[in-house]
Amino acid sequence: MPSVTIDRDDCISCGVCWTSCPEFFEESPEDGYSKVVDEYMTSGDPARGEAPDDLEDCVQDAADGCPVEIIHVS
Ligand code: SF4
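Bear in mind the structure is a predicted one, so any value in this text is a computation, not a measurement.

K.L.:
Teacher, can you tell me more about the environment of Arg-8 here?
P.N.:
Note on placement: Arg-8 falls in the loop between strand 1 (3-6) and helix 1 (16-20). On a C-alpha basis, the gap between Arg-8 and Asp-53 in space is 23 Å, while along the polypeptide they are 45 residues apart. When residues no more than four places from it in sequence are discounted, the contact partners of Arg-8 are Tyr-33, Ser-34, Pro-46 and Ala-47.

Written as structure tokens, this is what we have:
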């Protein structure tokens, strides 16, 4: 199960991640930056989440497509 971290302070709200993998990422209604959807968030932290194995490819595609390279998958 991949762990995902978003360096939200450096997000530029381009929308690539929530467009390419809307099952896992969404635009925060509070600040407009990317966040993990509530279902997969870790400890209520919008910057951290655990992706189910069937979303691994889409999460990785989002990380690869992020123009500022702030999505980390481990
Ligand atoms: S792809 Fe990167 S910069 Fe763009 S919204 Fe997602 S986290 Fe932010």
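K.L.:
I tried to follow the site of the ligand on my own but got confused; where do I start?
P.N.:
What surrounds the ligand is a group of 13 residues, the closest being Cys-11, Cys-14, Val-16, Cys-17 and Cys-66. Its residues placed into classes, the shell around the ligand shows 10 nonpolar, 3 polar and no charged.

K.L.:
When you look at the nonpolar core in this model, what are you seeing that I'm missing?
P.N.:
Burial of nonpolar side chains together is a common tendency in soluble globular proteins. Within the largest apolar cluster, 15 residues are counted, with the highest numbers of intra-cluster contacts made by Cys-17, Val-59, Ala-62 and Ile-71. Taken together, the elements giving at least two residues each to this core come down to strand 1, helix 1 and helix 2 (56-65). Filtering out sequence-adjacent residues up to four positions away, Ile-71 remains in contact with Val-4, Ile-6, Cys-17, Ala-62, Ala-63 and Cys-66.

K.L.:
Teacher, can you tell me more about the sheet that holds strand 4 (residues 41-42) here?
P.N.:
By way of backbone hydrogen bonds, the strands of a sheet pair with one another, either parallel or antiparallel. Strand order across the open sheet formed by 4 strands is 4-5-1-6, with antiparallel pairing between neighbours. Every other strand in the sheet has two partners, leaving strand 4 and strand 6 (71-73) as the edge strands with one partner each. Bridge count for strand 4 against strand 5 (residues 45-50) is 2 bridges, and the pairing is antiparallel. Among the inter-strand pairings, Thr-42 is bridged to a residue of strand 5, identified as Asp-45. Together, strand 1 and strand 6 form the strand contacts of helix 2, whose direction differs from that of strand 6 by roughly 140°.

K.L.:
Is there a simple way to think about the environment of Asp-57 in this case?
P.N.:
In this structure, Asp-57 sits in helix 2. On the neighbour-count criterion, Asp-57 (11 C-beta atoms within 10 Å) is exposed. The spacing of Asp-57 and Cys-21 is 36 residues in sequence and 9.2 Å in space, taken between C-alpha atoms.

K.L.:
Can you help me understand helix 2 in this one?
P.N.:
Side chains of residues three or four places apart in an α-helix project in the same direction, reflecting 3.6 residues per turn. All buried positions along helix 2 are accounted for by Val-59, Ala-62 and Ala-63. Along helix 2, the residues classed as buried sweep out an arc of 100° about the axis, all on the same side. For helix 2, the exposed residues set more than 90 degrees away from the buried face come down to Asp-57 and Asp-64.

The rules we used
Residues numbered from 1 in each chain as written. Predicted model: local features only at pLDDT ≥ 70, side-chain atom pairs only at ≥ 80, totals over all residues. Helix = DSSP H or I, 4+ residues; strand = E, 2+ residues; numbered from the N terminus. Contact = placed C-beta atoms within 7 Å. Near = placed C-beta within 6 Å. Nonpolar A, V, L, I, M, F, W, Y, C, P; charged D, E, K, R; others polar. Core = buried A, V, L, I, M, F, W, Y, C linked by C-beta atoms within 7 Å. Buried ≥ 20, exposed ≤ 12 C-beta atoms within 10 Å, placed from the backbone. Pairing = 2+ DSSP bridges. Axes fitted to C-alpha atoms, helices over the stretch in contact; angles between N-to-C directions. Arc of directions from axis to C-beta.

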